[in-house]
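What follows is the residue order along each chain.
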Amino acid sequence: MNLSFNDDQSTYLNQNFKDIECLKKVIDSKEFDNCIFNGCNFSETEFYKCKFYECKFVNCNLSTINVRSTSFFDTIFEDSKMIGIDWNRAEWPRIKLSSPIQFYKCILNDSSFFGLSLRELVIVECSAHSVDFREADCSEADFSSTDFTDSLFNKTNLTKANFRDAINYNINIFFNETKKAKFSLPEAMNLLRHLDIELVDID
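Residues numbered from 1 in each chain as written. Predicted model: local features only at pLDDT ≥ 70, side-chain atom pairs only at ≥ 80, totals over all residues. Heavy atoms only, no water.

A. Region of interest: the packing of aromatic side chains. All chains considered together, the criterion is met by 36 aromatic pairs. Note on Phe148 and Phe163: the rings are 5.7 Å apart at their centroids and 55° apart in plane angle, and the pair reads as tilted. Separated by 15 residues along the polypeptide, Phe148 in the loop between strand S12 (122-124) and strand S13 (162-163) and Phe163 in strand S13 bring together distant segments of the chain. Taking 5.0 Å as the distance between ring centres and 10° as the angle between the ring planes, the aromatic pair formed by Phe163 and Phe183 counts as stacked. Note that Phe163 is positioned in strand S13 and Phe183 in strand S14 (residues 182-183), a separation of 20 residues in sequence. A residue is classified by how much of its surface remains accessible, and Phe163, at 0% relative accessible area, is buried. (Phe/Tyr/Trp six-rings, centres within 6.5 Å; stacked < 30°, edge-to-face > 60°. Helix = DSSP H or I, 4+ residues; strand = E, 2+ residues; numbered from the N terminus. Buried < 20%, exposed > 50% of the residue type's maximum accessible area, 1.4 Å probe, protein only.)

B. Layout of the sheet that holds strand S5 (residues 36-38). Spatial strand order, S2-S5-S8-S10-S11-S12: 6 strands in an open sheet with parallel pairing. Taken across any chain shown, the strands that pair with only one partner, and hence form the sheet edges, are strand S2 (16-18) and S12. Strand after strand, the sheet turns through a mean of 10° between neighbouring axes, direction not considered. The pairing of S2 with S5 spans 3 bridges and is classified as parallel. Bridge pairing links Asn16 to Ile36 in S5. (Pairing = 2+ DSSP bridges. Axes fitted to C-alpha atoms, helices over the stretch in contact; angles between N-to-C directions.)

C. Region of the structure containing empty space enclosed by the protein. Counted according to the given criterion, the structure contains 1 cavity of 30 Å³ or more. Estimates place the volume of the largest cavity at around 40 Å³. Lining the largest cavity, in full, are Phe47, Phe52, Phe57, Leu62, Ile65, Phe72, Phe77 and Trp87. Here the lining of the largest cavity is built from residues that sort into 8 nonpolar, no polar and no charged. (1 Å grid on protein atoms, 1.4 Å probe; cavity = no way out; pocket = protein on both sides within 12 Å on 5 of 7 lines; lining within 4 Å. Points joined across faces, edges and corners; volume = space filled by probe spheres on them. Nonpolar A, V, L, I, M, F, W, Y, C, P; charged D, E, K, R; others polar.)

D. Representation of the pairing of strand S10 (residues 75-78) in the model. Covered by surrounding structure in S10 are Thr75 and Phe77 only, the residues Ile76 and Glu78 on the alternate face being uncovered. Relative to S10, strand S8 (residues 56-58) is paired through 3 bridges, and the arrangement is parallel. Along S10, the bridge assignment pairs Val58 with Glu78. Two elements, S10 and strand S11 (residues 101-104), share 4 bridges in a ladder whose sense is parallel. Across the sheet, residue Thr75 finds its bridge partner in S11, namely Ile101.

E. Looking closely at the side chain of Thr70. Relative to the helices and strands, Thr70 is located in the loop between S8 and strand S9 (71-73). Take Thr70: its relative accessible area is 0%, and that puts it in the buried class. In this structure the side chain of Thr70 is engaged in a polar contact, spanning 3.2 Å, whose partner is the backbone nitrogen of Cys50. The residues contacting Thr70, other than those within four sequence positions of it, are Phe47, Tyr48, Lys49, Cys50, Phe52, Arg89, Ala90 and Glu91. (Polar contact = N/O pair within 3.5 Å; in protein donor to acceptor, adjacent residues only side chain to side chain. Contact = heavy atoms within 4.5 Å.)

Structural data, given as structure tokens:
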């Protein structure tokens, strides 16, 4: 189904959008409240000054969307492709509470959360290759079972973050706050790579 949302309707409440094809469009100043997007393709679309309240995206293609001045509140993304998104363009709450977005089994490669305050961020069972988390507040985040190949952590607050069963992370414990963060063996051995030590096997 093709739908651009470029009509006079400004608010969508309790609607279920399924198999929407909306590529390379501009969706301007729309508000979505408790809506579900299932199997939709918004690749390269710009959401400008939109608001998403308690919405859910399932099995959607959101790659390289532009979230300029768009707000998210308790929004969940599941099984979705979300490559190349600069989340700094979004409008984030001035009151820094828990993260308003959650990701489950998504592809988040080549995206940026640089400098954002996203306490209790959820990125579970995701592919997060080459994602920029530098200078972000990800305290108490749930990163369990996620692949962080080539992702960047520097001056990142990872206090009480959960990295159980996460893999391929490269975190310098001298340049990131990792107090009370949880890591699983054997992957946690990666934390030692920045120490001036030599590991030896015991025969």
